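Chain residues, written in single-letter form:
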Amino acid sequence: MSTPLPTFHFSVNGERKQVQTPPMKRLLDVLREDLCLTGTKEGCGEGECGSCSVRMNGELVNSCLVPVLQAEGATIQTVEGLATDGRLHALQEAFLKCGGAQCGICTPGMLMASAQLIDRNPHPSLVEVREALSGNLCRCTGYMRIFESVLAAAASGKAETELAEKHDAR
Amino acid sequence: MMDSTAKTRIVGAALPRKEGIDKLAGRARYVDDIQREGMWYGTTIRSSIPRGLIRSVTFDTSVDWSEFTVVTAADIPGENCIQLIIADQPCLADGKVNHCEEAIVLLAHPDKHKLRAAATAVRVEYDPLPAVLSIEESERQDAIVWGEDNLLKSFLLQKGDVDSAWSTAAHIVEGEYRTGAQEHLYIENNGVIAEYSALDGVTVWGSLQCPYYVHKSLVKVFALPEAKVRVIQTETGGAFGGKEDYPSTLGCHAALLAMKSGHPVKMVYDRMEDLAATTKRHPSRIRHKTAVDKNGKLLAMEIDLATDGGAYSTLSSTVLSRATLHSTGPYVCPNVRVRAKSWATNTVPYGAFRGFGAPQAVFAIERHMDEIAAVLSMDPIELRRRNFLHQGDTTATEQTMREPMILDELMDRALHESDYYAKRKIFARENHTSAIKRGMGVAAFYHGSGFTGSGEVYLNSLAAVDVTPEGKVRVLVSSTEFGQGTNTVLTQIAAEALELDYRDIEMAPPDTGIVPNSGPTVASRTTMVVGRLIERASKQLVAELREHANLEADHTREDFFVACERLRAARGKVLSECRYEAPPGIVWDDQKYQGEAYPAFGWAVYVAQVEVDTVTYSAEVENFWAVQEVGRVMNPVLATGQIEGGVAQGLGYALYEKVIWQDGRMANNQMTNYIMPTAEDIPPIHVFFEQMPYQHGGYGAKGLGELPHDGPAPAILNAIRDATGIGFHSIPLLPEDLFAGLMARSLIEGPATL
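(A) Just the overall build of chain B, in detail. The secondary structure content of chain B amounts to 20 helices and 28 strands. For 754 residues, the compact-globule estimate of 2.2 N^0.38 gives 27 Å, and chain B sits close to it at 27 Å. The principal-axis extent of the C-alpha atoms belonging to chain B is close to 75 × 75 × 50 Å. Taking all 754 residues of chain B together, 59% fall into the buried category.

(B) Expanded view of the packing of helix α2 (residues 90-98) of chain A against helix α5 (residues 144-156) of chain A. Residues and elements named next belong to chain A. Viewed as axis vectors pointing N to C, α2 and α5 meet at an angle of 135 degrees, and their least axial separation amounts to 8 Å. Relative to α5, the element α2 is oriented oblique. By crossing handedness, the relation of α2 to α5 is classed as right-handed. Along the contact surface, α2 presents Ala 90, Leu 91, Ala 94, Phe 95 and Cys 98, while α5 presents Arg 145, Glu 148, Ser 149, Ala 152, Ala 153 and Ser 156. Residues belonging to the contact of α2 with α5 are distributed by class as follows: seven nonpolar, two polar and two charged.

(C) Region of interest: the sheet that holds strand β23 (residues 600-613) of chain B. All names here are of chain B. Overall, mixed pairing links the four strands, which are arranged β16-β23-β24-β27 in an open sheet. Both edges of this open sheet fall to β16 (436-449) and β27 (685-690), since each of them pairs with a single strand only. Ignoring which end each strand starts from, the neighbouring axes of this sheet average 15 degrees apart.

(D) Focus on the domain arrangement of chain A. All names here are of chain A. What the domain assignment reports for chain A is domain 1 (7-81) and domain 2 (90-169). Taken together, the contacts link 14 residues of domain 1 with 13 residues of domain 2. At three residues, strand β3 (residues 53-56) tops the list of elements feeding residues into the side of domain 1 that touches domain 2. Counted by class, the side of domain 1 that touches domain 2 contains five nonpolar, seven polar and two charged residues.

(E) Region of the structure containing the interface of chain B and chain A. The partner chain A presents 40 residues to the 39 residues of chain B that form the contact. Elements with a contribution of two residues or more to the side of chain B that touches chain A: α1 (20-25) and α17 (636-655) of chain B. With seven residues, α17(B) is the largest single contributor of residues to the side of chain B that touches chain A. Its residues placed into classes, the side of chain B that touches chain A shows 19 nonpolar, 11 polar and nine charged.

(F) Spatial organisation of the domain arrangement of chain B. All names here are of chain B. Here chain B is described as being made up of domain 1 (20-28 + 461-579), domain 2 (36-129 + 197-268) and domain 3 (284-452 + 592-749). The C-alpha-based centres of domain 2 and domain 3 are spaced at 37 Å. Across the contact, 17 residues belong to domain 2 and 20 residues belong to domain 3.

(G) Quick peek at the packing of helix α9 (residues 358-376) of chain B against helix α10 (residues 380-387) of chain B. Residues and elements named next belong to chain B. At a closest axis distance of 9 Å, the pairing of α9 and α10 adopts a crossing angle of 110 degrees. Overall, the two elements α9 and α10 adopt an arrangement that is roughly perpendicular. Touching Met 369, Asp 370, Ile 372, Ala 373 and Leu 376 of α9 are Pro 380, Leu 383 and Arg 384, all from α10. Within the contact of α9 with α10, the residues separate by chemical class into six nonpolar, no polar and two charged.

(H) Region of the structure containing the environment of A:Leu31. All names here are of chain A. If you trace the backbone, Leu 31 turns up in helix α1 (residues 27-34). With 10 residues separating them in the primary sequence, Leu 31 and Thr 21 have C-alpha atoms 12 Å apart. Apart from the residues within four sequence positions on either side, Leu 31 is in contact with Leu 37, Thr 40, Ser 63 and Thr 78.

(I) Inspection of unusual backbone geometry at higher detail. Residue and element names in this part refer to chain B. The residue after Ile 731, namely Pro 732, is reached through a cis peptide bond having omega 0 degrees. Locating Pro 732 in the fold gives a position in the loop between β28 (730-731) and α20 (735-749). Unusually for a residue other than glycine, Glu 101 sits at a positive phi of about 75 degrees. Relative to the assigned elements, Glu 101 resides in the loop between β4 (96-97) and β5 (103-109). Non-glycine residue Tyr 593 carries a positive phi angle of around 60 degrees. Relative to the assigned elements, Tyr 593 resides in the loop between β21 (588-589) and β22 (594-595). In this structure Tyr 593 comes out as buried when scored by C-beta crowding, with 22 C-beta atoms within 10 Å.

Reading the values: the criteria
Along every chain, residues carry numbers that run from 1 in the direction the sequence is written. Chain letters start at A and ligand numbers start at 1, both assigned in the order the entries are written. Residues qualify for local features only when their pLDDT is at least 70, as the model is predicted, and side-chain atom pairs are given and counted only at 80 or more; totals for whole chains, interfaces and linings, by contrast, use all residues. Each helix corresponds to a stretch of at least 4 residues labelled H or I by DSSP, and each strand to a stretch of at least 2 residues labelled E; elements are numbered beginning at the N terminus. It is over C-alpha atoms that the radius of gyration is taken, and the globule rule equals 2.2 Å times the number of residues to the power 0.38. Any residue surrounded by 20 or more other C-beta atoms within 10 Å of its C-beta is treated as buried, while 12 or fewer makes it exposed and the intermediate range makes it partly exposed; C-beta atoms here are placed from the backbone. Helix axes use the C-alpha atoms of the stretch in contact, all axes being lines fitted to C-alpha atoms, and the angles between their N-to-C directions lie in the range 0 to 180 degrees. Any angle between 65 and 115 degrees counts as roughly perpendicular, while under 35 counts as roughly parallel, over 145 as roughly antiparallel, and the rest as oblique. For any helix crossing, the convention is left-handed if the near helix is rotated counterclockwise from the far helix by under a right angle, and right-handed if that rotation is clockwise. The contact rule is simple: place each C-beta atom from the backbone, and if two of them lie within 7 Å, those residues are in contact. Put simply, Ala, Val, Leu, Ile, Met, Phe, Trp, Tyr, Cys and Pro go in the nonpolar bin, Asp, Glu, Lys and Arg in the charged bin, and everything else, Gly too, in the polar bin. DSSP bridges decide pairing: two strands pair if at least two such bridges lie between them. Reported domain spans reflect what an automatic or database domain assignment gives.

Here it is as structure tokens:
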């Protein structure tokens, strides 16, 4: 008989989750397969492209490099947790308006990296935006529309408020 | 010419991407996000050598193979070949392999982790054969690896009398230019899911550009009637040509496993497999010999163009054709001879990639123009201006430029916006005393919109709009969305022509069981050609409603739907179809290679501002200006995004992206060591459109998507020439190449004085 699989507990987008799974399973696969949160994407599987970026305990992580055992007790946010009550997050609105998403496969990771930036630095400069997104590869846009989207969301001031509200909710 | 001031409500507006909210909310369903009941997973056992006979395939007894489905060429019910231009590529290797990573055995199992272990327990033994791994080895015929002479395709393009022109020249300038393989690096790897049932036949869902291409191969591989094969495109995370031909192979593989296992089978490549096994941009070697008079007028151009096609012909002939037709640049020259050849080698077949041969050709001619200018001691801008095509001029194929052309104005604007001359002057002064050398470079070019020559006539595309009984107005096309904006732009066109709101229109699912064949989503043809079909189909529907269903002029949304129900009551359905009609006067001779190569051209002048650090040998693009004329712009935000994205890929092509080959296999098949530009590498890209509506394109559109990949590499290398005085002839140009070039010069001239 094989030993039973361990159980891990953490919260995703404000909901408590419990999964029984091999401890070295990638957080990316746990999110996509065990929790059916397929918004988080795999691009390279080696932490280079950032498509699988999620926020864990207030840090931006590549979920392809995080074994689920490291997520025990963690607070995780994925792209599915950005919109509230069917209302788009200011970053999502800005990406829609400014053309920040083309094929859309890097978009969830870009949004999480952008949310992480604005949370820490509500009014970033273009240089700061470039730096914050430099771990997220986009092959479609040439990044210009993404920079514009993040700056527009920051300028609207709404992104800041929404993120603050979410923190309160936790 | 169309009235460029024609008022439109929706065409030309910056409407949000049609499927944008789904993508931003993480709801869009890409192939790896889809599960089917009872689904298994598939994997591929591939060749480890570039060429040889398969002596044996053995299955290690440590694995319980009864749990697995194993497929080889012997399991193929129909023809073992992928249907492209020539059917020379097997679906699965049968007895011999012609490149590393060629598929030999397929495995399926319900547990993807067990599959990975099992794949290492399949052993293939080979009797190796000599392989050719470069253009030179192939043209020397070191071994014959394809056909009788390794030649996949050749073209001869001739105009005037080149041989008589040399003696009249003030200068003859020669140069050889090389471009490397480039990987598409779409962030979503290739992937499909296939199902099979005796009753319904084969169904394939996948990340792909051309549902009807995959359909065509499945019909042959399975020997099924067309109606028993269905291909459905899922949300596609980037393609750039890399999902034009490869999904035909992958779709057949998954469907073979599905048929034999009796389960739906998902095959999604990981990054290493995708990089190693799928197509890339054709490497090229282009030699120019050019005669000019003392004033810089082009007298004769002799061009020897060679591409590496890889192991099978795939799309190499049409890529070569486009390279040939872009090789002379946007210039008038009375005497031209282009000899173009695509050579077979034992590498993964090269395939479609944004620009499709044009980036290679434009790199060579636009670098060469700067070398000619240097020989003449002439301003490279002035040299270009003296030779630009104008309305009424003829190209190398004797195509007369009938549409108005504004190359001079594009040049003026590019120089003005970039402050080109002032900066050159400042840099020339500062470079003397600085370790950082800065320079400005220009490229002028065109990109032919749509299929070459008679291509669109052969495609015979069909598109439609319909109104369902539920009151949905749909665009029916096989033209797919993979980021470039098909859904948005075709919806805008339909809404405009039907006099409805953007939100009233939806795209029918890209499913061969539902949509007609509007042709492949390639060649910058979707907005111009398919957009025109949707414009016509929509206007035709309105006309029918006016004539047969009492729809009055300036109708409201409600009037429209009431009239549609009247039409449905009379006819049973509300459907308006349109088939492609060639614009008048488009005549192309495939044999002589003469006539209207393209119905329309996009035109551009790009300027790069570059700095070269002579301590670290890094070259960085500081600023970039992209000025183009692409007909009417349908959606300014999306169009700008296309240009910026293409420029970024072109920048990677020039300075970063190098496929490293080791015995015919890509050695750096990881994102860790195949380097594409990041958010910190891309300079500000300033995009400008001039709009000259093209009367036969959808609401005046011409092609747009590929154009921006053509110009950055030569503009950047010309800027490096301006900065350093060294004309580099190959891309990618990495720091080690800059080091070698600068060191070679200092050995000749002594150390540079700062």
